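Commentary on secondary and tertiary structure
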Amino acid sequence: MNGPASSRWPFRPGANRPKAPRKLVHEGGRGAAGSGRRRTLTSVLARHAARVRSRRALLVDLGKALLLTLLAALAAAPLAVVWGISHAQVDDYLGPHRVNFASNFHGEVEVDLGPIGNAYLASPVPPIGLIITVGGVGTAAENLNSLFSEQTLVAYTSLYTEPREAISGIVERLARDAVREGLKAEAVLLLGVAIWRLRRQLMPPWIVTRVTRRRVAAVYVIVVALVIGSILVPEKPKDPRYPVAVADGGRFSSLTVDSVLLADLLDRGIKGIRLLSERQQRAVKSYLDSAAGSLAAQLDDLPKPRSDETMILGFSDLHCNQPMTELIARLVRATEPSVVLSSGDDTVNGTAAERGCVRREAAIPNGVPFLVASGNHDSDVTEAQMRSAGMTVLDGQVVEAAGLNVLGDDDPEHNVPFSVDRVKDRPESEEELAQRLVDVARDKHTDVLLVHQPVAARVIMNASNPPAPLVLWGHYHAQSGPRVIMHDDGSWTVGMQEGTAGGVREPTFTSFSTPFSPPLISADVYFYFRDNATGLITAVQPVHFRPDAKVVIDARIATGDLAELPPETRMKLSGVSATPSAEASR
């Protein structure tokens, strides 16, 4: 009342009153509601509990989703497995014929020979069955001269001699394809479950009300019951079945056909294969016994490394030869090399049915490293079988084995089985393959360069100061070398074109050769002696298994004299140690 009028607040309706000054929000406060309040322990714990509950809820939801996915995957698994098995198929070769293999649930093995008819065998794993569709067997009128000719019977001998191995190779490929198809089916079924879970968001209400859990469960049970029932109770064959008179008592005792003509053909074919197989096995046993005796009589002359050397065993073009695989294995046990190297063409045609020969060859090293640069008669299937059997398939990278750095790669082309035709596996020539390996070897220390074809080896050997002390190749089934290339620093590279370890004669092996016969020409194996100090190859010693079962062990062929190595080069290589005619470096 006593103060000046200007300092008084007018008190009348509608009058604007001055706003009270805002209080600063306390750090950590929540605006006006939280201003001026201290955060108590209770409020902090409450907030923390809310966060924990949120994380726990998230984890619970995630766990429920994972559990639902697992249950859905388990529920879909039976249908996915059935789909995978019933849709698996691969193309390969049996004998000289292109064949399609497709699995099913008919409970038998059906061989479809086109116009000739069908043959049937009881499945070894019922109710799973197999349809084998054979191509290129000709018409019924001409099959007498083609399907069971002498050449064709030779090609089918391995199926008769090693049916389990031949079929197992095919089954492995089918199993992988079945897994792929099954995983595709599983993904589709899980997608269906996800759509069903989101049905309220994705479908009209009138559909959602009808797609209930009970109805879905009922449909699932009915479908699974029908599928399993059809598998366990397959249809009975409607076509007449005729037994094959000479079917082997154990192996083919359940063999039947739906054609009288085919029954007659198989009678003749099985007789021919049986006689041929028995004849070949007698010849193989006779050769093995004689060659093993010749080898045993020369044990003191077998290659032996000196105390300062590492001994390497190398060969090429074995082509599945059964007696030579056994003899090379015995030679390895007697000589104990540090590493075994193959320059390719280990199989005849690179088919899955040749698994038996790959497994026999994988047993050659007797525990030492076994490295392969596969050739034009091998295939991706062959390489997969080799890796599965424990062999190292070179792929363009330097591999360390027994203290050696080995570099190589598979041939960029391969032969069509039972043909002289070749196809490219990748857009690379032999020359480009060789140059690529040379470039790799110059960047990383390499002791051995391994290729299959002479065209590639020529590029390596003609390179300036070839970047590896030892270069090996094969392909021509004839020995050439050793060839020595002198380097600018006085060191050297030894190159060797290896003959055929299988004793296989050119060119008939490209058509219908068989691994179940003795060598037709000299079967050659090579020992290379590497000086441990310098890494240089100082000698080569070939061993020849002749067709008459005589074993010839050549004397060591010197390939370099370490005494003539310049001191600075010896110091660079950190070594000492041996002298052939040398070619100038190119």
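All of these numbers come straight from a predicted model, not from anything done at the bench.

Quick notes on the packing of aromatic side chains
Summed over the entire model, instances satisfying the criterion amount to two aromatic pairs. The ring of W196 carries the charged tip of R199 above its face, separated from the ring centre by 4.3 Å. Directly above the aromatic system of Y120 lies the positively charged group of R241, at a separation of 3.5 Å from the ring centroid.

A word on the state of the cysteines
Enumeration according to the criterion identifies one disulfide in this entry. Linked covalently through their sulfurs, C320 and C357 form a disulfide whose S-S length is 2.0 Å. A residue pair is termed long-range when its members are at least 10 positions apart, and C320 in the loop between β8 (309–315) and α9 (322–335) and C357 in helix α10 (residues 355–362) qualify at 37 residues. Side by side, C320 and C357 carry an identical accessibility label, which is buried.

As for the pairing of strand β18 (residues 480–486)
Where β18 and strand β19 (residues 492–497) come together, five bridges link them in antiparallel fashion. Residue pairing in the sheet places M486 in a bridge with W492 of β19.

Some points on the sheet that holds strand β17 (residues 470–473)
An order of β12-β13-β16-β17-β19-β18 is seen for the six strands of this open sheet, with the pairing classed as mixed. Each edge of the open sheet is held by one strand with a lone partner, namely β12 (399–401) and β18. Strand-to-strand twist of the sheet, defined as the mean angle between neighbouring strand axes without regard to direction, takes the value 25 degrees. The sheet contact formed by β17 and β19 spans four bridges and is parallel. Considered in β19, the bridge of W473 is made with Q497. Across the face of the sheet, helix α12 (residues 430–443) comes into contact with β13 (404–408) and β16 (448–450) while running at roughly 155 degrees to β13. Each of β16, β17, β18 and β19 is contacted by helix α13 (residues 454–461), which is oriented at about 165 degrees to β17, the strand it contacts most.

Things to note about the pairing of β17
Burial of the side chains of β17 extends over both faces: L470 and L472 are buried on one face and V471 and W473 on the other. Taken together, the three bridges between β16 and β17 define a ladder with parallel strand orientation. Along β17, the bridge assignment pairs L449 with V471. For the segment spanning β16, α13 and β17, crossover handedness is right-handed.

Regarding the pattern of salt bridges
Scanning all chains against the criterion turns up 20 salt bridges. Put simply, R173 and D92 hold a salt bridge, and the shortest N to O gap is 2.7 Å. Linking R173 in helix α4 (residues 163–197) with D92 in strand β1 (residues 89–94), this pair joins segments that are 81 residues apart in sequence. Residue D92 is classed as buried on the basis of its relative accessible area, which comes to 4%. A salt bridge links R530 to D447; its shortest N-O distance comes to 3.3 Å. Highlighted residues: R530 in strand β20 (residues 523–531) and D447 in the loop between α12 and β16, separated in sequence by 83 residues. A residue is classified by how much of its surface remains accessible, and R530, at 11% relative accessible area, is buried. Residues joined in a network through salt bridges with shared partners are D409, D410, R426, E428 and R436.

Rules used throughout
Residues numbered from 1 in each chain as written. Predicted model: local features only at pLDDT ≥ 70, side-chain atom pairs only at ≥ 80, totals over all residues. Heavy atoms only, no water. Phe/Tyr/Trp six-rings, centres within 6.5 Å; stacked < 30°, edge-to-face > 60°. Lys NZ or Arg CZ within 6 Å of the ring centre and 35° of its normal. Disulfide = S-S within 2.5 Å. Helix = DSSP H or I, 4+ residues; strand = E, 2+ residues; numbered from the N terminus. Buried < 20%, exposed > 50% of the residue type's maximum accessible area, 1.4 Å probe, protein only. Pairing = 2+ DSSP bridges. Axes fitted to C-alpha atoms, helices over the stretch in contact; angles between N-to-C directions. Contact = heavy atoms within 4.5 Å. Right-handed = clockwise from strand over helix to strand, strands pointing away. Salt bridge = Lys/Arg side-chain N within 4 Å of Asp/Glu carboxyl O.

On their own, these measurements won't tell you what the molecule is for.
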